[in-house]
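Structural characterization, general
Spelled out from the first residue to the last, the chains are:
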Amino acid sequence: MSTTEAQADQRTEIDKAQFAEGLRGTVGASSDASAARDPVNQPMIRHWCDAMEDHNPVYTDSEAAAGSLHGGIVAPPAMLNAWGMWGLGAPTRASAPRAQSSPLAALDEAGFTSVVATNSEHTYGRYLRLGDVISGTQTLEDVSDEKQTALGVGHFVTTRTRYTDQDDNEVGSLLFRILKYRPGTGRQPAGGDGDSERPPRPRPGINRDTAFFWEGVDKGELRIQRCTGCGRLGHPPYARCPDCGSYDFDYAVSVGRGTVYSFVQPRYPLVPSFEYPYIVGLVELEEGTRLVTNIVDVSPGSVRVGMPVEVDFRQVDPELTLPLFRPMRPDRRETTLRFDEVDVGTHLPPCPIPITTTLIVAGAIASRDYQDVHHDRDLAIERGSPDIVMNILTTSGLCGRYLSDWAGPEAMFANLSIRLGVPNYPGETMRMTGKVTDATPAEGGGGIVRVSFGGSNRLGNHVTGTADLMLPAGS
Ligand code: ZN
C-alpha cells in the first residue's frame, strides 16, 4: 500500500472487523424463488453452443438426441445459471430479489465498487430439457473479512442458489463466489514481462531459392517446394532436384496440418531473444515433408511425438512473422468413452483455445451476461482493465466443451467446479489440459471419473477445476 493510500485508509482493524461482521448480518437469509424469464429453449442452447463451439449433438440435433440416453435434446449442464440471468435491462440491484443484495449494496457504499467472479461450483441433479421452467432460490452463505488480493482490497461474497423445475424438484445448485473490491488498491504487476527488453529474434536467411517460402508466410500460406520435372516435394528448398536433376521448381501450398515428428526443449545456452521455456519441433506435414519450427500454446510437458498440430502464422515482432505450430483442437469423440477404458492418471489431450474478442462477447451474450467489462472495450478500460475480459460462464462453457469432447456425447456431468485466476483477454490463447484423478465404479455398471483440469494463458492460470463424469459400462 502506498503512503497516500495508507493515509486515506484511516479505518482500524476493529473498524474493519465490525464492518465485516455487519456484512454477515444476513448470512443464511434466502431470497424468494426467482423464475427464469424463459423456459429452457433451443435458440438459447444454440447460441451457447455456437459461442463455445460445443458440437455435442445431444444439445442441438434432435434426432441424435432422441437416440441417446437422454431420449431428447438436453441443455449443456454448464448453462445452469445462464437460464436465470436477466440479460440486457437487468433490474437495478435495489429491486433485484437477491440474498446477496444487502451486503453488495453496503460494499458499494463503502467503496468496494468493483466486482469479479472467482468461483463457480455446479452440482447437477438432472440435465435440463426443452420446456423446463427453472427457478432459483439464493442463500447468502458467507462474507469474508477484508482481504488484500492481486486485484485489490475487498471481501469475498459467497452465495448458494438452489434451482428447481416446474414441479419443484431440485435440478441443480450453484455455489458462487465473487470478490467485491476497491478499485486501484491492487498489487501492481512487477514491471512488465520483459518483452520490451528482449532483442528481436534472428532474421531468416532469405535467398533466391527460399524467397517463395517467406513470401508465402507473409500471405498466410505454408509453401512447399515442388519440382516441375518430377513433382517431388522438398523442404528445405533445393537448388536442384535430387531425384530428377531439374532446376525448375514451383510450389504446393500445404494444408497446414501435421504431427510432431520429434521435438527438443533447449535450455542452454540461453538466447536472450527467445522466451523460455520453448519447444523446437520437427513437424511432419500431411504432404509428407518436414520442417523445423516452434511448438507453441502448449506446456513443454504436454508435447508428445505424434501429436497433431496446425500452423499458426504468428507475428513474433513487428517485422517478423513465422509459421509456428500449435496442438490441433482434439477431435470430438463420436462414441462415449466406457468406464473401463479410462485409467486414473490418463492425461486429456491438450487443447489451445484462441481467445478472441468475438469469443468473449459471444460467450457473454449467449450467457445473458451484459456486464460492460465483457463486451465494451472502452468501458472496460475506464474500469482499469487493459481490455474486455471473459466472463465466468463462458469459462465454464469452454471447460464443459473440453471435457465433453474428450469423454463423448453421452458422458454425464454430475458436477463442474471452477476457480478463476488471471483474466482471459483477447489475443491470449487458453491452453487447456486435464488429467483423470479418480475413478469409482458405480453399482449396476459404469462409473464416475473425476477429471482435474486447467486452462492457462501467458499471464498464468486462468482456470483450475474438477468435474465428475458418469461413464457407461463396457458393451
Ligand atoms: Zn524432380
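The preceding data block contains the structure.
Computed from a prediction, not measured in an experiment: that's the story for all the values here.

A closer look at the overall build of the chain
- The helix and strand tally for the chain stands at ten helices and 19 strands.
- Each principal axis of the C-alpha atoms in the chain carries an extent, and together these give about 85 × 65 × 40 Å.
- The burial tally for the chain puts 45% of its 475 residues in the buried class.
- A separation of at least 24 residues holds for 68% of the contacts in the chain among residues at least 6 apart in sequence.
- Averaged over its 44 positive side-chain charges, the chain has a centre that lies 3 Å from the centre of its 60 negative ones.

Re the coordination of the zinc ion
- Looking at the zinc ion, one finds its protein donor set to be Cys 227 (SG), Cys 230 (SG), Cys 241 (SG) and Cys 244 (SG), positioned 2.2 to 2.4 Å from the metal centre.
- Bound by four donor atoms, the zinc ion shows angles of 97 to 116° at the metal and therefore tetrahedral coordination geometry.

Regarding the packing of aromatic side chains
- In this structure the tally under the stated criterion is five aromatic pairs.
- Both rings, one in Phe 212 and one in Tyr 251, keep their centres 5.9 Å apart while their planes meet at 15°; by these two values the pair is stacked. Of this pair, Phe 212 sits in helix H7 (residues 211-218) while Tyr 251 sits in strand E9 (residues 249-253), placing them 39 residues apart in sequence.
- Judged by its relative accessible area of 14%, Phe 212 falls in the buried class.
- A connected cluster of aromatic rings, assembled from ring pairs, spans Phe 274, Tyr 276 and Tyr 278.
- The ring of Phe 112 carries the charged tip of Arg 182 above its face, separated from the ring centre by 4.4 Å.

Thoughts on the pairing of strand E10 (residues 257-264)
- Relative to strand E13 (residues 308-317), E10 is paired through three bridges, and the arrangement is antiparallel. Across the sheet, residue Gly 258 finds its bridge partner in E13, namely Val 309.
- Looking at chain direction, E10 and strand E11 (residues 279-285) are connected through six bridges and run antiparallel. Along E11, the bridge assignment pairs Phe 263 with Gly 281.

Digging into unusual backbone geometry
- Between His 235 and the following residue, Pro 236, the backbone shows a cis peptide bond with an omega angle of -5°.
- In the segment running from Tyr 268 into Pro 269, the intervening peptide bond is cis, with an omega of 0°.
- Residue placement: Pro 269 occurs in the loop between E10 and E11.
- The backbone of Asp 297 shows a phi angle near 60°, a positive value even though the residue is not glycine.
- Of note, Asp 297 is situated in the loop between strand E12 (290-295) and E13.
- Residue classification places Asp 297 among the buried residues on the basis of a relative accessible area of 12%.

Here's the deal with H7
- The complete set of buried residues in H7 reads Phe 212, Phe 213, Trp 214, Gly 216 and Val 217.
- Packed against the buried residues of H7 are strand E7 (223-227), E9, E12, E13 and strand E14 (320-327).

What about the packing of helix H3 (residues 42-52) against helix H8 (residues 357-366)?
- The N-to-C vectors of H3 and H8 enclose an angle of 160°; their axes lie 9 Å apart at closest approach. By the criterion of interaxial angle, the relationship of H3 to H8 is roughly antiparallel. Crossing hand, H3 versus H8: left-handed. In contact with Met 44, His 47, Trp 48, Ala 51 and Met 52 of H3, H8 contributes Leu 359, Ala 362, Gly 363 and Ala 366.
- Classifying every residue of the contact of H3 with H8 by side-chain character gives seven nonpolar, two polar and no charged.

Re the sheet that holds E7
- Spatial ordering of the open sheet is given by E8-E7-E9, a layout of three strands whose pairing is antiparallel. Two strands close off the open sheet at either side, each with one partner strand: strand E8 (233-234) and E9.
- Inspection of the sheet shows E7 paired to E9 by five bridges, in the antiparallel sense. Within E9, the position partnered with Gln 225 by the bridge is Tyr 251.
- Contacting E7 and E9, H7 crosses the sheet at an angle of about 145° to E7.

Concerning the environment of Gln 265
- Tracing the backbone through its elements, the reader meets Gln 265 in the loop between E10 and E11.
- Each C-alpha atom of the pair Gln 265 and Asn 294 lies 9.9 Å from the other, and the pair is 29 residues apart in sequence.
- Beyond its immediate chain neighbours, meaning those up to four positions away, Gln 265 contacts Pro 277, Tyr 278, Ile 279 and Pro 300.

What to know about the nonpolar core
- Counting 76 residues, the largest nonpolar core has Ile 45, Trp 48, Trp 83, Leu 403 and Trp 406 as its most contacted members.
- Ranked by the residues each element gives to this core, the list is headed by helix H10 (residues 392-407), at eight residues.
- Not counting the four nearest positions on each side in its chain, Trp 48 is found in contact with Pro 76, Ala 78, Met 79, Ala 82, Ala 366, Ser 367, Leu 393 and Gly 397.
- Phe 212, Ile 279, Leu 320 and Phe 325 belong to the second largest nonpolar core, which has 22 residues in total.

A look at H8
- Along H8, the positions that sit buried rather than exposed are Leu 359, Ile 360, Gly 363, Ala 364 and Ala 366.
- For H8, the secondary structure elements touched by its buried residues are H3, strand E15 (347-354) and H10.

Re the side chain of Ser 456
- Relative to the assigned elements, Ser 456 resides in strand E18 (residues 447-457).
- Sequence-distant contacts of Ser 456, that is, excluding residues within four places in its chain, are made with Thr 429, Met 430, Arg 431, Asn 461 and His 462.

A short note on the pattern of salt bridges
- Evaluated as defined, the whole model comprises 30 salt bridges.
- A salt bridge links Arg 332 to Glu 334; the nearest nitrogen and oxygen atoms lie 3.7 Å apart.
- Judged by its relative accessible area of 61%, Glu 334 is exposed.
- Between Glu 428 and Arg 458 there is a salt bridge, with the nearest N and O atoms lying 3.1 Å from each other. Here Glu 428 is found in the loop between strand E16 (412-420) and strand E17 (429-441), whereas its partner Arg 458 is found in the loop between E18 and strand E19 (460-471), with 30 residues between them in sequence.
- In the salt-bridge network here, residues are joined through shared partners; they are Asp 297, Glu 310, Asp 312, Arg 314 and Arg 326.

Calculation rules
Residues numbered from 1 in each chain as written. Predicted model: local features only at pLDDT ≥ 70, side-chain atom pairs only at ≥ 80, totals over all residues. Heavy atoms only, no water. Helix = DSSP H or I, 4+ residues; strand = E, 2+ residues; numbered from the N terminus. Buried < 20%, exposed > 50% of the residue type's maximum accessible area, 1.4 Å probe, protein only. Contact = heavy atoms within 4.5 Å. Lys, Arg positive; Asp, Glu negative; His and termini not counted. Charge placed at Lys NZ, Arg CZ, Asp CG, Glu CD. Donors = N, O, S within 2.8 Å, 3.2 Å for Na, K, Ca; no water. Tetrahedral: all angles 85-135°; square planar, octahedral: opposite > 155°, others 65-115°. Phe/Tyr/Trp six-rings, centres within 6.5 Å; stacked < 30°, edge-to-face > 60°. Lys NZ or Arg CZ within 6 Å of the ring centre and 35° of its normal. Pairing = 2+ DSSP bridges. Axes fitted to C-alpha atoms, helices over the stretch in contact; angles between N-to-C directions. Parallel < 35°, antiparallel > 145°, perpendicular 65-115°, else oblique. Left-handed = near helix turned anticlockwise from the far one by under 90°. Nonpolar A, V, L, I, M, F, W, Y, C, P; charged D, E, K, R; others polar. Core = buried A, V, L, I, M, F, W, Y, C linked by side-chain atoms within 4.5 Å. Salt bridge = Lys/Arg side-chain N within 4 Å of Asp/Glu carboxyl O.

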